[in-house]
Every structure is written in structure tokens, then in C-alpha cells.
Amino acid sequence: MTLKLLVADDSVTIHKMVRLAFGGEDAVVEAVTSGEDALEALSRVRPDIVLADAVMPGLGGYALCERIREHPEFGSLPVLLLCGTFEPFDPEEAQRVRADGHLMKPFDTSELIDRVHALVGLAAPEAAPAAATGARVRESFLGPGAILDLFGPDRPGRGAAPARGPGGLTDEDVHRVA
């Protein structure tokens with residue numbers, strides 16, 4: 001079964017993070033930048049879950065969740081609110097609109113995957129054992145030792161950075177600061 005996620009967030013970075021997080025799975029991520037666009041996309045996308053930025057211009061995540069709950073066809077659709085670090089999360093409002101949970105941004109992608117799978121009733125992917133500690137961790141969706149660089153070496157408005165390869169930083173760079 002293909003997992004269908006509808007992401008309503010005014011941050012393109014969050015769209016990229018969710019796409020990358022679910023890139024290794026049988027999943028389709030439809031991303032929109034407003035709550036209004038999310039409501040319009042419901043019938044077309046028919047998602048299994050909605051991830052909504054709690055605070056965004058226009059129809060925010062709380063109001064979007066409330067509107068979804070009122071919808072005769074999509075009223076039971078799981079809604080996970082995404083909250084920015086500097087945006088206050090309102091647990092009473094989340095409960096009032098019957099949100100299924102929330103994650104603070106920036107979020108750990110493995111936590112996002114686990115929460116989405118739990119809310120849609122899928123088993124979480126197997127975690128790989130950590131070498132020295134015996135703890136269980138999920139390997140990065142980018143591969144072992146890979147570092148996520150959402151903006152690439154040439155960041156707009158910040159001048160050109162020296163070419164560093166596809167990951168942005170080399171392993172040597174990481175070990176030097178660690």
C-alpha cells in the first residue's frame with residue numbers, strides 16, 4: 001500500500017525534509033503552502049495523513065484540523081501538527097480541534113516516520129543496531145555517514161561557498177568539529 005501524506009506548511013524546507021524522510025518508502029508526499037490549499041487538495045490526493053504547520057498565514061494548522069474534522073468524508077483522517085521552536089504550542093487548542101498529536105520543528109526524521117506509521121496503522125521500519133552501545137538506531141535515509149545539506153553549497157544571499165561535493169561537508173569536516 002502506498003502511503004499518501006499531505007503536508008501543509010509554508011516552509012519549503014519542511015516539504016523537502018518530509019520528502020527525504022519518506023524517500024526510501026512506498027510513499028507519496030503532496031506538499032502545499034497553506035491550509036486553504038490543503039483543504040482543496042484533500043479530494044484530489046485522498047491522503048492517509050495530514051501534517052500541518054500549526055502557525056502559518058491564512059488558515060493555520062489548528063483551523064485546518066478543525067475543518068478536516070467537520071468534513072463528512074475526511075473527518076477521521078489523522079492530523080499531526082508541526083510546531084516551530086519559537087511558536088507556542090497550545091495543547092488545549094490542539095485537543096479542542098482533535099489533533100492526533102504534534103511534533104516540534106526541527107524534528108528528528110525517525111521520530112516523524114514512527115509517528116506517521118503509528119497514526120496510520122503501519123508497522124515502523126526496522127531499526128539497525130548501533131555498533132558499540134547495543135542501542136537501536138535507524139540508519140540515515142541518505143546512507144551511512146551522509147549529511148543533509150538542503151541548500152547546497154551556493155546559498156542564495158550568502159555568497160558562493162567552496163565546492164564541497166554532494167553532501168555539503170566531507171567526513172573529514174565532521175570529524176574535525178566532533
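Please refer to the structure higher up on the page.
As the structure is a prediction and not an experimental result, all values here were calculated from the model.

Digging into the packing of helix H2 (residues 35–45) against helix H3 (residues 61–70)
Pairs of packed helices are described in terms of their axes, by the angle between the two and the distance that separates them.
Okay, step 1: In contact at an axis separation of 9 Å, H2 and H3 are set at 25 degrees when each is read in the N-to-C sense. By the angle class used here, H2 and H3 are roughly parallel. Here H2 runs over H3; the crossing is right-handed. Residue-level inspection shows Gly35, Ala38, Leu39 and Leu42 of H2 in contact with H3, the latter providing Leu64, Arg67 and Ile68.
Okay, step 2: Within the contact of H2 with H3, the residues separate by chemical class into 5 nonpolar, 1 polar and 1 charged.

Structural notes on the environment of Leu42
Okay, step 1: Assignment of secondary structure puts Leu42 in helix H2.
Okay, step 2: Assessed through its relative accessible area of 1%, Leu42 is described here as buried.
Okay, step 3: In this structure, the C-alpha to C-alpha distance between Leu42 and Phe74, residues 32 residues apart in sequence, is 7.9 Å.
Okay, step 4: The residues contacting Leu42, other than those within four sequence positions of it, are Leu6, Pro47, Val50, Ile68, Phe74 and Leu77.

What counts, and at which threshold
Residues numbered from 1 in each chain as written. Predicted model: local features only at pLDDT ≥ 70, side-chain atom pairs only at ≥ 80, totals over all residues. Heavy atoms only, no water. Axes fitted to C-alpha atoms, helices over the stretch in contact; angles between N-to-C directions. Helix = DSSP H or I, 4+ residues; strand = E, 2+ residues; numbered from the N terminus. Parallel < 35°, antiparallel > 145°, perpendicular 65-115°, else oblique. Left-handed = near helix turned anticlockwise from the far one by under 90°. Contact = heavy atoms within 4.5 Å. Nonpolar A, V, L, I, M, F, W, Y, C, P; charged D, E, K, R; others polar. Buried < 20%, exposed > 50% of the residue type's maximum accessible area, 1.4 Å probe, protein only.

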